[in-house]
Amino acid sequence: MKAIGSKSSVLLVGVEVQDDLILGSKAFSSRLLTGTGKFSSPRFIPQILEASGSQMMTVAVRRVNPDKPEEDMLTHIPAGVTILPNTSGARTAQEAVRIARIAREMGCGDFIKIEVITDMKYLLPDGEETLAATAILAKEGFAVLPYIQPDPVLCRKLEEAGAAAVMPLAAPIGSLRGLRCRDMLEMIIEASRVPVIVDAGIGKSSHAAEAMEMGADAVLVNTAISAAQDPVLMSRAFALAVQAGRFGYLAKAGAERPVAVASSPLTGFLGATRAA
Amino acid sequence: MINLLLNGEKESRLAGSVLDLLTEKRLAPERVVVELNGSIVKRPQWQETILREGDRLEIVCFVGGG
């Protein structure tokens, strides 16, 4: 299927190359996915989108509260943004499948972020249940984005089960601790045949840049933006960091060396006299 | 009068359709999904689906989440 959506290109060694993020059947020019949780006011949502250029936003499925109409996130997310509902609250594959089917019925597309959490201290995702839900939902035509621990073996199984991407965590949700699982993320990025979206734990824009420099295809950021004193400016910082990291990855850094290599010529110093 | 379990809470009301209930609750039809006794009721079926004694209803929407 040909991907639809916005196009982005980059000049690489003088040649213009397409550099879209392809998820399911959609192309995205932005590699920054954003979450809508924990904002002090929903009025930030459109501002975050504008400042960050994010084209995909996560939402959760919950019982409607007629007394709090402002909780209805679809009234705040501008048209044209791709909605990524999550299955938060699910503790089993079966519950995740139920939430996913409900989410699709909303009519906002086929994307689903599988989130099955059974560890309530560190909010760690349950790989076994996530894999089972992914297999079922991929067969039903969902574009499945599973949130997982950074386990390269699980990633391969999810790929085989039809996941549209994998979303390994960098550190526990909302911890803002950065790329604590760096080595595992590198292994996943190296081996994965589907896009790798680093999700959870990113705390600062530099963490996002680092993940992108490593070769992650995208990052998903929520708390780092919503908990900032100025969420709008922070979302802009993340947009720039993600782009900087992506360019840094594509440009391919030179090799590290154990010793100094002078940047300026070591000849032609003023006042030097040539030996007889 | 019939008794329902609406989003986990008991509610007594006059018999009517799913659509009647949503209209009464002032819920935007394009931004909610309805599950009746564990099965999704698709939007075109809201008007013809009449609520009965003991029905369990879940009415959900998208809220903020990561």
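Given the structure is predicted, the values throughout are model-derived calculations rather than measurements. (Residues numbered from 1 in each chain as written. Chains lettered and ligands numbered in written order. Predicted model: local features only at pLDDT ≥ 70, side-chain atom pairs only at ≥ 80, totals over all residues.)

### Focus on the overall build of chain B
Counting its secondary structure elements, chain B contains 1 helix and 5 strands. Each helix and strand of chain B, placed in order from N terminus to C terminus, yields the pattern β-β-α-β-β-β. Taking 11 Å as the expected radius of gyration for a compact globule of 66 residues, we find that chain B reaches 12 Å, a close match to that expectation. Viewed in the frame of its principal axes, chain B has a C-alpha envelope of about 40 × 25 × 20 Å. Residues counted as buried form 21% of the 66 residues belonging to chain B. A sequence separation of at least 24 residues applies to 58% of the contacts in chain B between residues at least 6 apart. (Helix = DSSP H or I, 4+ residues; strand = E, 2+ residues; numbered from the N terminus. Rg over C-alpha atoms; globule rule 2.2 N^0.38 Å. Buried ≥ 20, exposed ≤ 12 C-beta atoms within 10 Å, placed from the backbone. Contact = placed C-beta atoms within 7 Å.)

### Quick word on the interface of chain B and chain A
One frequent convention defines the size of an interface as the accessible area lost when the parts assemble. Across the boundary between the two partners, chain B contributes 18 residues, which contact 26 residues of chain A. Looking at the side of chain B that touches chain A, the elements that each hand over two or more residues are strand S3 (33–36) and strand S5 (56–64) of chain B. Top contributing element to the side of chain B that touches chain A by residue count: S5 of chain B, with 7 residues. Looking at side-chain class alone, the side of chain B that touches chain A contains 9 nonpolar, 4 polar and 5 charged residues. Across 5 bridges, the pairing between strand S7 (residues 56–63) of chain A and S5 of chain B is antiparallel. Across the sheet, residue Ala-60 of chain A finds its bridge partner in S5 of chain B, namely Val-63 of chain B. (Nonpolar A, V, L, I, M, F, W, Y, C, P; charged D, E, K, R; others polar. Pairing = 2+ DSSP bridges.)

### Let's talk about the packing of helix H4 (residues 152–160) of chain A against helix H5 (residues 182–191) of chain A
Residue and element names in this part refer to chain A. Where H4 contacts H5, the two axes come as close as 9 Å, and the packing angle between them is 30°. Overall, the two elements H4 and H5 adopt an arrangement that is roughly parallel. Every pair of crossing elements has a handedness; the one defined by H4 and H5 is right-handed. Counted together, Pro-152, Cys-155 and Arg-156 of H4 and Met-184, Met-187, Ile-188 and Ala-191 of H5 form the full contact between these two elements. Residue composition of the contact of H4 with H5, grouped by class: 6 nonpolar, no polar and 1 charged. (Axes fitted to C-alpha atoms, helices over the stretch in contact; angles between N-to-C directions. Parallel < 35°, antiparallel > 145°, perpendicular 65-115°, else oblique. Left-handed = near helix turned anticlockwise from the far one by under 90°.)

### Here's the deal with the sheet that holds strand S9 (residues 111–114) of chain A
All names here are of chain A. The 3 strands are arranged S9-S12-S13 in an open sheet whose pairing can be described as parallel. One side of each edge strand has no neighbouring strand; the edge strands of this open sheet are S9 and strand S13 (167–168). Note: S9 against strand S12 (residues 143–148), 4 bridges, orientation parallel. Counted as the bridge partner of Phe-111 is Ala-143 from S12. Sitting on the sheet, helix H3 (residues 127–139) touches S9 and S12, and the angle it makes with S12 is about 175°.

### A short note on H4 of chain A
All names here are of chain A. Buried residues of H4: Leu-154, Cys-155 and Leu-158, and no others. Angularly, the buried residues of H4 cover 105° about the axis, an arc narrow enough to put them on a single face. Looking at the buried residues of H4, the elements they touch are H3, S12 and H5. Following H4 by one or two positions, Gly-162 has its phi on the positive side, about 105°. (Arc of directions from axis to C-beta.)

### Description of the confidence of the model for chain B
Here chain B averages 94 in pLDDT, while 100% of its residues score no lower than 70. Predicted as a complex, the structure gets a pTM of 0.91 and an ipTM equal to 0.94. (pLDDT = per-residue confidence, 0-100.)

### Quick notes on unusual backbone geometry
Across the chain, the bulk of peptide bonds are trans and the bulk of non-glycine residues have phi less than zero. Residues and elements named next belong to chain A. In this structure, Leu-176 takes a positive phi of about 60° despite not being glycine. Counting through the fold element by element, Leu-176 comes out in the loop between S13 and H5. Backbone geometry places Lys-252, a non-glycine residue, at a positive phi of 60°. Mapped onto the secondary structure, Lys-252 falls in the segment after helix H8 (231–251).

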